[in-house]
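Below are the chains, spelled out letter by letter.
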Amino acid sequence: PQQEADNAVRSALDAGINLFDVAPFYGATLAETVLGRALSGVPRDCYFLSTKVGRYGGRDFDFSYKRVWQSVDESLA
């Protein structure tokens with residue numbers, strides 16, 4: 001649930017943890033979406049984000065130039 005994610009992110013930040021690593025594959029983009037909401041209102045210079053590209057389903061891999069850039073745009077959204 002979003003509230004649990006919000007609490008976990010705030011606790012992490014309070015403890016000095018400021019690197020968050022997700023991927024579109026985690027929960028079919030749910031992890032990135034929930035994390036983005038949890039970080040809403042947190043100054044951007046207070047944390048680092050990391051994500052991955054290339055895997056979008058159990059057997060769905062695409063490392064093409066076009067799909068990598070599309071994935072980056074999706075993750076930023």
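The structure under discussion appears in the preceding block.
Keep in mind the model is a prediction, meaning the values are calculated, not measured.

*Asks:* I'd love a proper account of the nonpolar core, names of residues and values included.
*Replies:* The biggest cluster of nonpolar side chains holds 9 residues, and these are Val9, Ala12, Phe20, Val22, Leu35, Ala38, Leu39, Val42 and Tyr47. Broken down by secondary-structure element, the contributors of at least two residues to this core are α1 (2–14) and α2 (30–38).

*Asks:* Let's hear about the pattern of salt bridges: which residues, and what values?
*Replies:* Summed over the entire model, instances satisfying the criterion amount to 2 salt bridges. Lys52 is paired through a salt bridge with Asp21; the nearest N and O atoms lie 2.7 Å apart. Of this pair, Lys52 sits in the loop between β2 (48–50) and α3 (65–76) while Asp21 sits in strand β1 (residues 19–21), and the two are 31 residues apart along the sequence. In this structure Lys52 comes out as partly exposed when scored by relative accessible area, which is 31%.

*Asks:* Tell me about the environment of Leu76, and please be specific about residues and values.
*Replies:* Looking at where Leu76 falls in the secondary structure, it is placed in helix α3. Taking the C-alpha atoms as reference points, Leu76 and Glu32, separated by 44 residues in sequence, lie 8.8 Å from one another.

*Asks:* Can you break down unusual backbone geometry residue by residue, with the values?
*Replies:* Backbone geometry places Ala28, a non-glycine residue, at a positive phi of 55°. Following the sequence through the fold, Ala28 ends up in the loop between β1 and α2. Using a relative accessible area of 61% as the deciding quantity, one classes Ala28 as exposed. Phi is positive for Thr29, which is not a glycine, with a value near 80°.

Calculation criteria
- Residues numbered from 1 in each chain as written.
- Predicted model: local features only at pLDDT ≥ 70, side-chain atom pairs only at ≥ 80, totals over all residues.
- Heavy atoms only, no water.
- Core = buried A, V, L, I, M, F, W, Y, C linked by side-chain atoms within 4.5 Å.
- Buried < 20%, exposed > 50% of the residue type's maximum accessible area, 1.4 Å probe, protein only.
- Helix = DSSP H or I, 4+ residues; strand = E, 2+ residues; numbered from the N terminus.
- Salt bridge = Lys/Arg side-chain N within 4 Å of Asp/Glu carboxyl O.

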